[in-house]
Amino acid sequence: MAVNWIGSLVSINCGETLGVYQGKISAVDQARQTISLTQPFRNGVKCSVPELTFSAIDIKDLKILELPNSHLTTGLAQSSVFTSSNLSHIAYSSQNGAGKGVKKPNSSGTAPQAIPRRAELKVQDLVTSPQQYSKSYVDRHMDSALTPSKAFRRRHNSWSSSSKIPNQATPKKNGVKNGQMKNKDDECFGDTIEVILDTDFDFEGNLALFDKAAVFEEIDTFERRNGTRSRGTPNEKPTRYRHDENILESEPIVYRQITVPQHSGREYCTDSGLVVPSISYDLHKRLLAAAERHGLSLERRLEMTGVCAGQMTLTLLGGPNRLNPKNVHQRPTVALLCGPHVKGAQGISCGRHLANHEVQIILFLPNFVKMLECITTELQLFSKTDGKQVASVKDLPDTPVDLVINCLDCHENPYLREQPWYRAAVEWGNQNRAPVLSIDPPVGELEHVIDAKWSLALGLPLPLGESAGRLYLCDIGIPKKVFQEVGISYHSPFGCKFVIPLHSA
């Protein structure tokens, strides 16, 4: 009876290690308990050898996928090839899991009992008329391999529905609705899984057929025509916003918010792009005098300048990385070079604030018989700190300090440059390799005494030269209407800061 199974299309499960094989039965040896398959497939991939032989010991499960094209009159229990106890059952099923039917031989040798499942074929039709199959599994596989374009274009559900057995029995219907549901399930889940797996989807070919630029252009044209918001084309880069930037559309930005009555030759800009023009020394002097008349006294201005200069100096010294409790043994040292004038008083105020922040201050101020009142007041406050005051250049340190703050020059008294103490201080400042910060440096012929790395301007900058280094601007608290009083249209460029950097426009 073994010859009756030759030509059947079967699926043999040999476990996870060996895999699952499909093919046509070419030979059956009952004595050796072996079965041979021709044109075998392993796990859906065609094998390189034309024939494989399997032992009953290795076979975990065997399913008959398609019967041979010859009439079978005996039941599975009577015609079973594998009578050994190693094979417990023989099953046949269609390729989709929804239409399976399992037959088991009984002990009496009578006709097998069918266990029907949803969308199952009639057992009599399957056993008595196997020749009604239109194509075998291998034939269908070869057809799909020869005509890949048709197999690709054809929907799998349509193919499955067209290759069903003609004499498939219609299941019993409890109603029209139940029958419709079963037909829909059969159309949806009636695929031949091997055909789906054997057909490779051409991603590159289908991607080439899709013109993204044309589709986006059509969408953009449709949205513009209907007045809806455009999503943009693929070539457009999305706008990126900072964490502190408003994404809502606002009025156009005006970058020139400060205008002066007379151009002084130089303009600067902030980090945000706002234009800050320079003003002449005479206009700057008038601005400070107007502010003093309205209550911004010299003492207030000195205090504000000292705070801003001190904050900038702390940042230049390293900020929190340098000034913290773990670096007590590395306290920074700052040398202050001050003259006997208002700008020198600004430097003394800055040194007082730095000393309050645990910075070692060495203040150079020459001895004079009569000092300005503002200098006397600032010296009295400075004496209450741990800072050191010297009157001779010889008492300044020989080794480089962390920073030198220059407050030697002023516009009011240019003759101070001829004094011996002034020349000695300038020589020490140029020989010391420490960086220099100039507070409110002068312009014109009084420049180029000590080359500075940074300079700090008050209110509005003066037209400084290249020797001033990088320019910073501090807010000393002059109200907006005071600027308007001297002819300056003013909008604050400081934002959330009191000291901002300026760049050459």
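For the structure itself, consult the block above.
Cut-offs used in this document
- Every chain's residues receive numbers from 1 upward, in the order its sequence appears when written.
- At least 70 in pLDDT is required for a residue's local features to be given in this predicted model, at least 80 for side-chain atom pairs to be given and counted, and no such filter applies to totals for whole chains, interfaces and linings, which use all residues.
- As a rule here, side-chain values come from all non-hydrogen atoms in the structure, and water together with hydrogens is ignored.
- The rule for pairing is simple: two strands pair if DSSP sees at least two bridges between them.
- Helix and strand definitions here come from DSSP, where helices need a minimum of 4 consecutive H or I residues and strands a minimum of 2 consecutive E residues; each element is numbered from the N-terminal end.
- Using a 1.4 Å probe on the protein chains alone, a residue whose accessible area is under 20% of its type maximum counts as buried, one over 50% counts as exposed, and one in between counts as partly exposed.
- Working definition of a nonpolar core: buried Ala, Val, Leu, Ile, Met, Phe, Trp, Tyr and Cys residues. They are joined through side-chain atoms within 4.5 Å.
- We call two residues in contact whenever any of their non-hydrogen atoms come within 4.5 Å of each other.
- Counting of polar contacts relies on pairs of N or O atoms within 3.5 Å, with two restrictions inside protein: one atom must be capable of donating a hydrogen and the other of accepting it, and residues adjacent in sequence are counted only when both atoms are side-chain atoms.
- The salt bridge criterion pairs a side-chain nitrogen of Lys or Arg with a carboxyl oxygen of Asp or Glu, the two atoms within 4 Å.

### Things to note about the sheet that holds strand 20 (residues 503-504)
Pairing in this open sheet of three strands is antiparallel, and the strands run 11-10-20 from one edge to the other. A strand with exactly one partner marks an edge of an open sheet, and here the two such strands are strand 11 (275-277) and strand 20. Alignment of strand 10 (residues 267-269) against strand 20, held across two bridges, turns out to be antiparallel. Along strand 20, the bridge assignment pairs tyrosine 268 with serine 504.

### Remarks on unusual backbone geometry
Backbone geometry follows two general trends: most residues other than glycine have a negative phi, and most peptide bonds adopt the trans configuration. Of note in the backbone geometry, glutamine 33 takes a positive phi value of approximately 55° without being a glycine. Along the polypeptide, glutamine 33 turns up in the loop between strand 2 (20-29) and strand 3 (34-42). Using a relative accessible area of 13% as the deciding quantity, one classes glutamine 33 as buried. The backbone phi angle of asparagine 43 is positive, close to 55°, even though this residue is not glycine.

### Some thoughts on the nonpolar core
Core analysis: the biggest nonpolar cluster contains 63 residues, and Ile405, Ile478 and Ile488 have the highest contact counts within it. At six residues, helix 11 (residues 298-316) tops the list of elements feeding residues into this core. In contact with isoleucine 478, not counting residues within four places along its chain, are Leu287, Leu288, Ala291, Leu296 and Phe483.

### A look at the side chain of lysine 343
Within the secondary structure layout, lysine 343 lies in helix 12 (residues 342-356). Among the polar contacts listed, one links the side chain of lysine 343 to the side chain of aspartate 440, at a separation of 2.4 Å. Setting aside residues up to four positions removed in sequence, lysine 343 forms contacts with Cys407, Asp409, Cys410, His411 and Asp440.

### Overview of the environment of alanine 468
Among the structural elements, alanine 468 can be located in the loop between strand 17 (454-458) and strand 18 (470-474). Residues alanine 468 and isoleucine 450, spaced 18 residues apart in sequence, show a C-alpha to C-alpha distance of 8.9 Å.

### Some words on the pattern of salt bridges
With the rule as written, the count across this model stands at nine salt bridges. Between arginine 293 and glutamate 485 there is a salt bridge, with the nearest N and O atoms lying 3.1 Å from each other. With arginine 293 in helix 10 (residues 281-293) and glutamate 485 in helix 15 (residues 480-485), this residue pair connects regions lying 192 residues apart in the sequence. Residue classification places arginine 293 among the exposed positions, given a relative accessible area of 60%. In this structure, the salt-bridge partner of aspartate 402 is arginine 322, at a minimum N-O distance of 3.2 Å. Here aspartate 402 is found in the loop between strand 14 (388-390) and strand 15 (403-407), whereas its partner arginine 322 is found in the loop between helix 11 and strand 12 (333-338), with 80 residues between them in sequence.

By themselves these figures say nothing about function.
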